[in-house]
Amino acid sequence: MRDFKFNMASSDPGDDSLYPIAVLIDELRNEDVQLRLNSIKKLSTIALALGVERTRTELIPFLTDTIYDEDEVLLALAEQLGNFTPLVGGPDYVHCLLPPLESLATVEETVVRDKAVDSLRNICAQHSQSDLENHFVPLVKRLSGGDWFTSRTSACGLFACCYPRVSNNVKAELRQHFRNLCGDDTPMVRRAAAGKLGEFAKVVEPEYLKSDLIPLFTVLAQDEQDSVRLLAVEACVSIASLLPSEDTEQLVMPTLRQAAEDKSWRVRYMVADKFTELQKAVGPEITKNDLVPAFQSLLKDCEAEVRAASANKVKDFCQNLSPDVRESIIMTNILPCVKDLVGDANQHVKSALASVIMGLSPILGKDNTIEHLLPLFLSQLKDECPEVRLNIISNLDCVNEVIGIKQLSQSLLPAIVELAEDTKWRVRLAIIEYMPLLAGQLGVEFFDEKLNSLCMTWLVDHVYAIREAATQNLKKLVEKFGLEWAQQTVIPKVIHMSRDPNYLHRMTCLFSINLLAETVGPEMTVKLLLPTVISMGQDPVANVRFNVAKTLQKIAPLLDQSTVQSVAKPLLEKLKGDSDIDVQFFAAEALEVAD
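Residues numbered from 1 in each chain as written. Predicted model: local features only at pLDDT ≥ 70, side-chain atom pairs only at ≥ 80, totals over all residues. Heavy atoms only, no water.

Chemist: Looking at this structure, how should I read the overall build of the chain?
Modeler: A tally of regular secondary structure across the chain gives 37 helices and 0 strands. Here the chain has a C-alpha radius of gyration of 34 Å; the compact-globule value for 595 residues is 25 Å, and the former is much larger. Reported as C-alpha extents along the three principal axes, the dimensions of the chain are approximately 90 × 85 × 35 Å. Each of the 595 residues in the chain was classed as buried or not, and the buried ones make up 54%. Contacts spanning at least 24 positions in sequence make up 67% of the contacts within the chain whose residues lie at least 6 apart. Carbon and sulfur atoms provide 49% of the accessible area of the chain, an area that totals close to 26,700 Å². Of the side-chain charges in the chain, 60 are positive and 83 negative, and the distance between the mean point of each set is 3 Å. (Helix = DSSP H or I, 4+ residues; strand = E, 2+ residues; numbered from the N terminus. Rg over C-alpha atoms; globule rule 2.2 N^0.38 Å. Buried < 20%, exposed > 50% of the residue type's maximum accessible area, 1.4 Å probe, protein only. Contact = heavy atoms within 4.5 Å. Areas by Shrake-Rupley, 256 points an atom, 1.4 Å probe, with all protein chains shown as cover. Lys, Arg positive; Asp, Glu negative; His and termini not counted. Charge placed at Lys NZ, Arg CZ, Asp CG, Glu CD.)

Chemist: Before we go on, may I ask you to explain the packing of aromatic side chains in this structure?
Modeler: To describe a pair of aromatic rings, one takes the distance between the centres and the angle between the planes. Here the structure, examined in full by the defined rule, presents 11 aromatic pairs. Here Tyr163 and Phe200 contribute two aromatic rings whose centre-to-centre distance is 5.3 Å and whose plane-to-plane angle is 90°, an arrangement assigned as edge-to-face. Taken together, the residues span a long stretch of sequence, with Tyr163 in the loop between helix H10 (159-162) and helix H11 (168-182) and Phe200 in helix H12 (residues 187-203) at a distance of 37 residues. Phe200 shares its class with Tyr163; the two are buried. In textbook terms, an aromatic cluster arises when at least three aromatic residues are bridged by ring pairs, as seen for Phe159, Tyr163, Phe178 and Phe200. Sitting over the face of the ring of Phe586, Lys550 holds its NZ or CZ atom 5.0 Å from the ring centroid. (Phe/Tyr/Trp six-rings, centres within 6.5 Å; stacked < 30°, edge-to-face > 60°. Lys NZ or Arg CZ within 6 Å of the ring centre and 35° of its normal.)

Chemist: Would you take a moment to explain the nonpolar core for this structure?
Modeler: Generally speaking, nonpolar side chains in soluble globular proteins are found buried as a group. Counting 206 residues, the largest nonpolar core has Phe84, Val314, Ile357 and Trp458 as its most contacted members. Apart from the residues within four sequence positions on either side, Trp458 is in contact with Ala420, Arg428, Ile431, Ile432, Met435, Ile466, Arg467, Ala470 and Asn473. (Core = buried A, V, L, I, M, F, W, Y, C linked by side-chain atoms within 4.5 Å.)

Chemist: So what exactly am I meant to see when it comes to helix H9 (residues 149-156) here?
Modeler: Every α-helix winds through 3.6 residues per turn, so residues three or four apart in the chain are directed the same way. With respect to burial, H9 is a largely interior element, 7 of its 8 residues being buried. Turning to H9, its buried residues are Thr150, Ser151, Arg152, Thr153, Ser154, Ala155 and Cys156. On its buried face, H9 is in contact with helix H7 (110-124), helix H8 (129-144), H10, H11 and H12.

Chemist: What exactly am I supposed to notice about the confidence of the model for the chain here?
Modeler: Close inspection of predicted coordinates is inappropriate in any region flagged by low pLDDT. Chain-level pLDDT for the chain is 83 on average; 93% of the residues reach the 70-or-more range. Mean pLDDT values over the elements of the chain span from 58, in helix H1 (residues 19-27), up to 92, in helix H19 (residues 304-311). Below pLDDT 50 for its whole length, residues 1-20 participates in 32 contacts with residues either more than four positions away or in separate chains. (pLDDT = per-residue confidence, 0-100.)

Chemist: Is there a simple way to think about the side chain of Arg113 in this case?
Modeler: Within the element layout of this structure, Arg113 appears in helix H7. Despite its burial, Arg113 pairs with no opposite charge, the nearest such side chain being Asp114 at 5.6 Å. For Arg113, the side chain forms a polar contact with the main-chain oxygen of Glu108, separated by 2.8 Å. When residues no more than four places from it in sequence are discounted, the contact partners of Arg113 are Leu104, Ala105, Thr106, Val107, Glu108, Thr150, Thr153 and Ser154. (Salt bridge = Lys/Arg side-chain N within 4 Å of Asp/Glu carboxyl O. Polar contact = N/O pair within 3.5 Å; in protein donor to acceptor, adjacent residues only side chain to side chain.)

Chemist: Before we go on, may I ask you to explain helix H2 (residues 33-41) in this structure?
Modeler: Within the sequence span of H2, burial applies to Arg36, Leu37, Ser39 and Ile40. Each buried residue of H2 lies within a common arc of 165° when the element is viewed along its axis, so the set occupies one face. (Arc of directions from axis to C-beta.)

Chemist: Can you help me understand a negative patch on the surface in this one?
Modeler: There is a patch of like negative charges on the surface, built from Glu70, Asp71, Glu72 and Glu108. Among the secondary structure elements, Glu108 is positioned in the loop between helix H6 (98-104) and H7. A relative accessible area of 73% places Glu108 in the exposed class. (Patch = residues over 30% accessible without salt bridge, like charges linked within 9 Å, V, L, I, M, F, W, Y side chains within 5 Å.)

Chemist: I would appreciate a short explanation of the packing of helix H31 (residues 464-481) against helix H32 (residues 483-497) in the present structure.
Modeler: Pairs of packed helices are described in terms of their axes, by the angle between the two and the distance that separates them. For the pair H31 and H32, the least separation of the axes is 9 Å and the interaxial angle reads 160°. The orientation of H31 with respect to H32, classified from their angle, is roughly antiparallel. You can see that H31 and H32 cross each other, and the crossing is left-handed. Residues Leu474, Leu477, Val478 and Phe481 of H31 lie in contact with H32, whose contacting residues are Trp485, Ala486, Val490 and Val494. When its residues are assigned to classes, the contact of H31 with H32 shows 8 nonpolar, no polar and no charged. (Axes fitted to C-alpha atoms, helices over the stretch in contact; angles between N-to-C directions. Parallel < 35°, antiparallel > 145°, perpendicular 65-115°, else oblique. Left-handed = near helix turned anticlockwise from the far one by under 90°. Nonpolar A, V, L, I, M, F, W, Y, C, P; charged D, E, K, R; others polar.)

Chemist: Sorry if this is basic, but what is going on with the environment of Leu341 here?
Modeler: Tracing the chain through its elements places Leu341 in helix H21 (residues 323-342). Taking relative accessible area as the criterion, Leu341 reaches 2% and is therefore assigned buried. Leu341 sits 238 residues away from Ser103 along the chain, and the two C-alpha atoms are 51 Å apart. Apart from the residues within four sequence positions on either side, Leu341 is in contact with Leu299, Arg307, Ala311, Val349, Lys350 and Leu353.

Chemist: Hey, could you run me through the pattern of salt bridges in this one?
Modeler: Note that side chains of opposite charge can pair when their charged atoms are close. Here the structure, examined in full by the defined rule, presents 21 salt bridges. Its salt-bridge partner being Glu249, residue Arg257 comes within 2.8 Å of it at the nearest N-O pair. On the basis of relative accessibility, which here comes to 32%, the residue Glu249 falls in the partly exposed class. The structure contains a network of salt bridges with shared partners spanning Arg175, Arg179 and Asp212.

Chemist: Would you mind showing me how to read the environment of Glu173 here?
Modeler: Mapping Glu173 onto the fold places it in helix H11. On the accessibility criterion, Glu173 (34% relative accessible area) is partly exposed. The spacing of Glu173 and Val137 is 36 residues in sequence and 9.7 Å in space, taken between C-alpha atoms. Engagement of the side chain of Glu173 in a polar contact is seen with the side chain of Lys141, the distance being 2.3 Å.

This is the structure:
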C-alpha cells in the first residue's frame, strides 16, 4: 500500500501553520474511524496546503489506494471529490479524480455508490470533449462491463451526462452498452437501467429514441420483476413527452395500458402516482380516449394503496382535462367513482380524496357543487376518521369562493359545530387548530354570529389541552381580526373569567392575557389587561397567585418603566412575602425582570 506522509522538509520549517495539516494527513491513516472521518471532511484544507501538483501526484493516488474503509468515511470521500476540480488544477486535470471515484462507484454500500455517481456526473461537465472521450467514456465502459453488479448499476447513471458531448461513433458505443445493461442477467442492474432510461431518452437523438430506446422500454415494461416494470412507467413520462402524438399512440400507449392493468399492485400504484405527469406528456386527445378509462379503473382498483394514489390525483387530473370536454368527463366518468370512494372502507383512501375533493368546486361551478359535491362534503365531515374531517375543513375556502358563505353555512357549518362539541377531546382539539383558518375564510361578521361563542366555551373546557389550545386560538383570531375586535369581543370575556368560581378557569384567564398582551400592544395591556392581573394577586388559590407573578414577568417588557415601578412592583413585593413557597419563588424571579 502506498505510504503517504506530509513532507515538512519541503515546506518552510518556520511555518507552524502547516503542523495541523500534517496531523490531518496522519489521521487519514488512524485506526479511529471518527478521526479518519474528520480528516476526510477536511480534505480540501489538506489539498490547499499541498498545492495542486502534490494533490494530483500524491494525495489522489493515496486516496485511490486506500479505499477500504467504513461506509461513512467512503461516503464523505465520495462527496468531497465531487468538488475537487479547482484543487487539482482545474478542468485540464479533472480526469485525475476519476480513479478514486471509479473505485467508490463499485463498493457494496448503495449510498456510497450513489454519491460517487453524483460526483462523477458533477465533474463530467468539467471535462473537455477529448478528455471525455479519452478518460470518462472508458470509465463508463469499464463500469458497464464490470464483474460485479455494483459497478454495472453505477454505470447506468453516467450515460446521460456524457452522451451529448461525444462523437457519433462513441455515441453508438454508449447506446450499445446501455442496451446490454437493460438486458443484464441481474435484476438490480435492469432496475438501475430502467430508472435512468427516461433521463437517457432526453439526450438521445429522435431517430435513436425510436430505433434503440423504445424497444428497450417495451422489454423493461414486460420484465419478470415488478420492481423493473414500475421504473419503466417512470421512463414512460419522459419518452411520451418527447414524441409527437401519433408516435406516442403507436409506440407507448400499448405498454402504458398494460402497466395500468399490471398483475402487480406496485406497478399499478406507480401508474397512479405518475398519472397527471403522463396526462400532460400524452396530450388531450390520448387522455380523452385512453387515460380516462384507465383512471376510472385505477380509482376502482382492488388495492387500497392504488385507490389512494389515484384519489390524490383526482383534482389535478380533472383540472388538466381539455376545457371543451372537462365537465362532461367529470360528471359521467369521474364523479361516480368519487362517490364510491367517499364511502371507501380504507381510511387512507378517504383521507387522500378529502384532501383534494374540494378543489373540484371551482372546476364544476356553483350548481354542480350544490347538487353533487355538497352531499359528499357533508358525508365526509361526518366520517369517523378525524383526518378525513380535517382535510375537508382545511379546504373550505375553495367551496366558499364558488357557492358563497350563505350556502356554505346552511349546509356544512352545522356539521363543523357538531365536531367542535365532539365528546372526543382530540376531535375538539383538531377543530380548534383549524379555527383561525376557518375564521379567515368566513369573515369577522359571520364568525361572530356562528362560531365566536364556541371559541369562548373552549376556554373553560374540562380538558387542559383544549383550554391551552383555545388561548392560542384567541391570539391567532386577534391577529386576524384586529385590535378593535379584540377590545369589543374577546377582552371583556377574558376579564370576566378572572371572577369565575373555578380556579382553573381563572388560570386560563391569565394564560390568555399572557398571549394577548403581546398581540394587543402596550396601550391596551395597561388599560384593560393589567388591572385584571393586579386584582388576581389577592386570589385565595396559590396556583393562581404564582401565575399572576409569572404573567407580570411576561408582560413587564411591554410596559413603560413608571407603570412597572408603580403598579407591578408593589404587588410582586407583596407576593414575595406570600405564605406559599412557589408564589415567593416566582415573585422573586419576576422582580429581577422588573428591576
